Amino acid sequence: MSLEKANAIVIRQADFSESSRVITFFSREFGKFSALAKGAKRLKGPFDAALDLLSEGRIVFIRRPAGVLNLLTEARLTTRFQPQQPGISDGLLRMYAGCYVAELLNGLTEDFDAAPEIFDLATALLLGLSTPECHVSALIIHFELSLLQLTGVLPDLSGCAVCGGSVEPSGRYVHWVSQGGLLCQNCRREEYSGSSVSTGAVEILRRLTGGTTDLAGRVRLTPAQAEECHRLAVSAVSHILGRRPQTLRYLQFSSHH
Ligand SMILES: [Zn+2]
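It should be emphasised that the depicted structure is a prediction, and the values quoted were computed from it without experimental measurement.

So, how was this worked out
Residues numbered from 1 in each chain as written. Predicted model: local features only at pLDDT ≥ 70, side-chain atom pairs only at ≥ 80, totals over all residues. Heavy atoms only, no water. Axes fitted to C-alpha atoms, helices over the stretch in contact; angles between N-to-C directions. Helix = DSSP H or I, 4+ residues; strand = E, 2+ residues; numbered from the N terminus. Parallel < 35°, antiparallel > 145°, perpendicular 65-115°, else oblique. Contact = heavy atoms within 4.5 Å. Nonpolar A, V, L, I, M, F, W, Y, C, P; charged D, E, K, R; others polar. Donors = N, O, S within 2.8 Å, 3.2 Å for Na, K, Ca; no water. Tetrahedral: all angles 85-135°; square planar, octahedral: opposite > 155°, others 65-115°. 1 Å grid on protein atoms, 1.4 Å probe; cavity = no way out; pocket = protein on both sides within 12 Å on 5 of 7 lines; lining within 4 Å. Points joined across faces, edges and corners; volume = space filled by probe spheres on them. Core = buried A, V, L, I, M, F, W, Y, C linked by side-chain atoms within 4.5 Å. Buried < 20%, exposed > 50% of the residue type's maximum accessible area, 1.4 Å probe, protein only. Domains from an automatic or database assignment.

## Re the packing of helix 2 (residues 116–129) against helix 3 (residues 136–150)
One way to put it is that helix 2 packs onto helix 3 with a least axis distance of 10 Å and a crossing angle of 175 degrees. Judged by the angle between their axes, helix 2 and helix 3 are roughly antiparallel. Of helix 3, the residues touching helix 2 (which contributes E117, I118, L121, A122, L125, G128 and L129) are V136, L139, H142, F143, S146, L147 and L150. Counted by class, the contact of helix 2 with helix 3 contains ten nonpolar, three polar and one charged residues.

## Section: the coordination of the zinc ion
As a benchmark, a tetrahedral metal site with four donors has ideal angles of 109.5 degrees, while an octahedral site with six donors has ideal angles of 90 or 180 degrees. All of the protein donors around the zinc ion are C160 (SG), C163 (SG), C184 (SG) and C187 (SG); their distances to the metal are 2.3 to 2.4 Å. Around the zinc ion, the four donor atoms sit at angles spanning 104 to 115 degrees, and that spread fits a shape best called tetrahedral. Sequence spacing of the donors to the zinc ion: C-x2-C-x20-C-x2-C.

## Looking at the layout of surface pockets
Space inside the largest pocket adds up to approximately 230 Å³. Lining the largest pocket are twelve residues, with E227, H230, R231, R244 and Q252 positioned closest to its centre. Looking at the lining of the largest pocket residue by residue, the classes come out as four nonpolar, five polar and three charged.

## What about unusual backbone geometry?
Outside of glycine, negative phi angles account for most residues, and trans bonds account for most peptide bonds. Backbone geometry at L54 places phi at a positive 75 degrees, although glycine is not the residue there. The residue L54 is located in the loop between strand 3 (31–37) and strand 4 (56–63) in this model. One non-glycine residue, F112, lies in positive phi territory at about 50 degrees. Tracing the chain through its elements places F112 in the loop between helix 1 (91–108) and helix 2.

## Focus: the nonpolar core
L104, L105, I140, F143, L208 and L251 are the most contacted members of the largest nonpolar core, which has 60 residues in total. Of the residues forming this core, the biggest block, nine residues, is contributed by helix 3. Two domains each provide a minimum of three residues to this core, namely domain 1 (2–79) and domain 2 (91–250). What L208 contacts, discounting residues up to four positions off in sequence, is A138, I141, H142, L145, A216 and V219.

Structure follows, in C-alpha cells:
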C-alpha cells in the first residue's frame, strides 16, 4: 500500500454505492487506473467538480495490489472541460467528441501502463475542443491516428501492403483492416474485406499523422473528406477494440463543420 500523486483526466464514472463512485483516470504518471471515491455522489462531496467527466486535476490515491480497488484521497481540479461556451456553435458535438476520446482512452490502454505521450495528446485534444478556431473533425481524426501510432497499431499508409507500390495520385485503395494497411487496385481481392479509400484521403491521413494537435485543429476538411478519413480511422480503431465505439453514434461530422 502506497500513497501516490498524479496528474489525471477523468475518463469514466461508475456508481459504486449510494454515496460512492468508482472513477477511472488516465494519468500522466501511471496511465489508466480506477479508484474508489467515497462520498463522490454527495451534492457537496469532498471532490467537487474535480471528478466530472474529462476534468483534469491533481489527485492523491492509495495504490493497492492488483485486483483490489485503489482509494482516492484527494482531487483538486486544474482544468475543466468546457466546450460549450460563447463563440463555439458546435459545443454539443465537441462534448460528444470528448466522450468518444474518453472511451478510446479507456478501451485502448491497459491499467498502470504509463504513457505520458498519450496523456499529453489527450490534454492537447481537450484544449483544442475548447478552442473556437479548431475544427472538430480534423482534431478527432488526428487523435485517432496518433493514439493508434502511440500504441503501435497505426495502419501503414505509405503504399500497398502486398506489392509495396507507392500510393498513386489517381488511384483508389482499399483499407485492409485485419492487416493494418492499404491495397492497390491490382492486389485487391474479394476475400480481403475492407472499405475503399481515395488517394486524397490517404494524403490527408498522412498529413494528420504526426504534427501537433494545434496544427491539426487548423486543418479545415470538407464534410466528405472528414467522413472518408474518419471512416478509415474508425475501422482501424474498431478492429483493435473488437467492437465499434459506443459513443460514435453521437459523433456525426457530415451535418456540422
Ligand atoms: Zn498492390
